[in-house]
Amino acid sequence: MAYSEKVVDHFNNPRNMGSFKKDEEDVGTGIVGAPECGDVMKLQIKVQDEKIVDARFKTFGCGSAIASSSLATEWLKGKTLQEAQQIKNTDIVQELNLPPVKIHCSVLAEDAIKAALNDYKKKTEEKK
Amino acid sequence: MKFPIFLDNHSTTPMDQRVLDVMLPYFVEKFGNAASRNHPFGWEAEEAVERARQQIAHLIHADAKEIVFTSGATESDNLALKGVMDMYREKGDHLITSLTEHRAVLDTAKTLESKRGIKVTYLPVDKYGMVNPDDVRNAITDKTVLISIMLANNEIGTINPIKEIGKIAKEKGILFHCDATQGVGKIPVDVQEMGIDLMSFSAHKIYGPKGVGALYVRKKGPRVRLTPIIDGGGHERGMRSGTLPVPLIVGFGKACELCEQEMPAESVRLATMRDRLKDGIMTKLDEVYLNGHPTQRLPHNLNISFAYVEGESLLMGVKEIALSSGSACTSATLEPSYVLRALGVGSDLAHSSIRFGLGRFNTNEEVDYTATRIIEIVTKLREMSPLYEMAKDGIDLKTVQWSAH
């Protein structure tokens, strides 16, 4: 299977790869997928004043899964929490030219974004 | 070094120049139909086919008359299973095979089940991928017509105890088919000693041309009969009609002759190179697991799972090396390798498996380069892997509640 140039670029030069400390107050973490299915994504956001100031990812999965999560971190940075909710898997499919068999990678990335946002929301609510 | 490096010799092999050389005259100059009995064009073609038949038969210790030419091993498997189960229908309706067979056998067995009412037993394998002869014995009923067990597995290279299975088949008077596609030309095969009644193999796995294969069909003790699946001019003793592809057959013959001559030295060279690759990788990386049998395996096969790294991404990271993975992402089915699953390898490690298939034209230099690159990319992808991070933090991944999707 031939990969799109953008997938190859994200694979070779992953953006924002790494981890934040999970227990920090301003960090939201989402882990989705399962090793048995061949992909697990961890997506993290760092939030200040309702705005995502930084993001990190780590992914176990195929090239498209890695590219989808790398792209997601790029898109998350600078967005408000509300704007981040609007990111759709179809946007990722379009940007990376993912073929039909790789659509589940983009779905997983959207799930990871949602999970990270929820985790942050839960943390801040617990604080109140 | 020339790039890309080809380390996928289980899928196919490059043709040997010496094979091509003997084939060339049979395209334009000596184009006759081997079935033309009345003129020198036909005689010349027939002579070439019969010479090739000898070369092929010699490699497997058979008689030339026992070689039936087909389009390849898939057709041979189909012909053996469908042909025998149909011909001996009055004797019984039971077929024994194993879970790790090639799809050409498994899917044929499934068709026989669903379309012809044949009962099929799929034997399990041990953790190395080996069939237990006792399981074969215990699965036999008075309705069993055929046992079909592969010589060596195409993914993990494990070699089955064929001789023992052949003995059981003889003892019980049941026919024994062996898919030997990965083994012929690589390891010694003797249909007499191994008690094989039918055997599938093909040319393109042994540095010959694509598009031709053979089914060995025993003529004596017992004389095996089968119903053809292709009807027509009655070629190949009526078992496989169709004009013989003379140039391909000539190439197939030469490929077998070369394998026979070179096997003693070549198998040692390949096994040494394979171990060099294995040691090069396994001494430098932790949590890598060998799939298949440690010793009873094809000399040119290496199959390794790299924990916490997904196979397709690994292949993507070493694009200049042609390899294959058991990861679901590299298959059309979205399921990881059924062969590794049958061994009891977890889905996670099946997704992380890479198959290295060495061949006649690989060099130590290529092997060393490959080991270095694999170590590099696995290290890089583990840095990127949340699973590796969790494992390093002491989290037991088996206790995590994953969200399956």
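Note: the structure precedes this text.
Please read these numbers as outputs of a predicted model, since none were measured by experiment.

Right, let's get into the overall build of chain A. Per the secondary structure count, chain A includes five helices and three strands. N-terminal to C-terminal, the α/β element order of chain A is α-β-β-β-α-α-α-α. For chain A, whose C-alpha radius of gyration is 14 Å, the value lies close to the compact-globule estimate of 14 Å for 128 residues. Taking the principal axes of its C-alpha atoms as reference, chain A extends roughly 50 × 30 × 20 Å. Among the 128 residues that make up chain A, the fraction classed as buried is 51%. In chain A, of all internal contacts separated by at least 6 residues, the share reaching a separation of at least 24 is 61%. The positive charge centre, built from 19 side chains, and the negative charge centre, built from 20, are 2 Å apart in chain A.

At the interface, 30 residues of chain A touch 25 residues of chain B. Carbon and sulfur atoms supply 68% of the area buried between chain A and chain B, which totals about 2,500 Å² over both sides. At the boundary of chain A and chain B, one finds three salt bridges. Residues B:Glu389 and A:Lys42 are paired through a salt bridge, measuring 2.5 Å at the closest nitrogen-oxygen approach. Applying the counting rule to chain A against chain B returns eleven residue pairs in polar contact (both at pLDDT 80 or more). Listed by contribution, the elements that provide at least two residues to the side of chain A that touches chain B are helix H1 (5–12), strand S1 (27–34), strand S2 (39–48), strand S3 (51–60) and helix H2 (63–76) of chain A. Looking at the side of chain A that touches chain B, its residues break down into 18 nonpolar, seven polar and five charged.

In this section: empty space enclosed by the protein. Applying the stated rule across the entire model yields two cavities of 30 Å³ or more. Put simply, the largest cavity is a space of about 40 Å³. For the lining of the largest cavity, a count of residues per class yields three nonpolar, three polar and two charged. When its volume is computed, the second largest cavity comes out at roughly 40 Å³. Taken together, A:Thr59, A:Phe60, A:Gly61, A:Ile66, B:Tyr308, B:Val309, B:Glu310, B:Ser313, B:Leu381 and B:Ser385 make up the full set of residues lining the second largest cavity. Residues that form the lining of the second largest cavity fall into these classes: five nonpolar, four polar and one charged.

Next up on the list: the packing of aromatic side chains. All names here are of chain B. Tallied over the full model, the rule gives six aromatic pairs over all chains. Centre to centre, the rings of Tyr308 and Tyr388 are 5.5 Å apart; their planes meet at 55 degrees, and the pair counts as tilted. Linking Tyr308 in the loop between strand S10 (301–306) and helix H8 (311–317) with Tyr388 in helix H12 (residues 386–392), this pair joins segments that are 80 residues apart in sequence. On the basis of relative accessibility, which here comes to 13%, the residue Tyr308 falls in the buried class. The class of Tyr388 is buried, set by a relative accessible area of 16%. Each residue in the set Phe69, Phe201 and Phe252 is aromatic and connected to the rest through ring pairs, giving one cluster.

For the rest of this paragraph, the subject is the sheet that holds strand S13 (residues 353–357) of chain B. Residue and element names in this part refer to chain B. Taken in spatial order, the four strands line up as S9-S10-S13-S12 in an open sheet, and their pairing is antiparallel. Among the strands making up the open sheet, the edge pair consists of strand S9 (288–290) and strand S12 (324–325). Across three bridges, the pairing between S9 and S10 is antiparallel. Its bridge partner being in S10, Tyr289 is matched across the sheet by Ser305. In this fold helix H7 (residues 246–282) packs onto S9, S10 and S13, with an angle of close to 15 degrees to the strand it touches most, S10. Along the sheet face, helix H11 (residues 364–383) touches S9, S10 and S13 and points at about 20 degrees away from the line of S10.

With that settled, consider helix H3 (residues 73–87) of chain B. Look at H3(B): 20 Å from first C-alpha to last across 15 residues, which is about the 21 Å you get at 1.5 Å a residue. Where H3(B) is concerned, the buried positions are B:Ala73, B:Glu75, B:Ser76, B:Asp77, B:Asn78, B:Leu79, B:Ala80, B:Leu81, B:Lys82, B:Gly83, B:Val84 and B:Met85.

The rules behind the values
- Residues numbered from 1 in each chain as written.
- Chains lettered and ligands numbered in written order.
- Predicted model: local features only at pLDDT ≥ 70, side-chain atom pairs only at ≥ 80, totals over all residues.
- Heavy atoms only, no water.
- Helix = DSSP H or I, 4+ residues; strand = E, 2+ residues; numbered from the N terminus.
- Rg over C-alpha atoms; globule rule 2.2 N^0.38 Å.
- Buried < 20%, exposed > 50% of the residue type's maximum accessible area, 1.4 Å probe, protein only.
- Contact = heavy atoms within 4.5 Å.
- Lys, Arg positive; Asp, Glu negative; His and termini not counted.
- Charge placed at Lys NZ, Arg CZ, Asp CG, Glu CD.
- Buried area = accessible area lost by both parts, 1.4 Å probe.
- Salt bridge = Lys/Arg side-chain N within 4 Å of Asp/Glu carboxyl O.
- Polar contact = N/O pair within 3.5 Å; in protein donor to acceptor, adjacent residues only side chain to side chain.
- Nonpolar A, V, L, I, M, F, W, Y, C, P; charged D, E, K, R; others polar.
- 1 Å grid on protein atoms, 1.4 Å probe; cavity = no way out; pocket = protein on both sides within 12 Å on 5 of 7 lines; lining within 4 Å.
- Points joined across faces, edges and corners; volume = space filled by probe spheres on them.
- Phe/Tyr/Trp six-rings, centres within 6.5 Å; stacked < 30°, edge-to-face > 60°.
- Pairing = 2+ DSSP bridges.
- Axes fitted to C-alpha atoms, helices over the stretch in contact; angles between N-to-C directions.
- Expected span 1.5 Å × (residues − 1).

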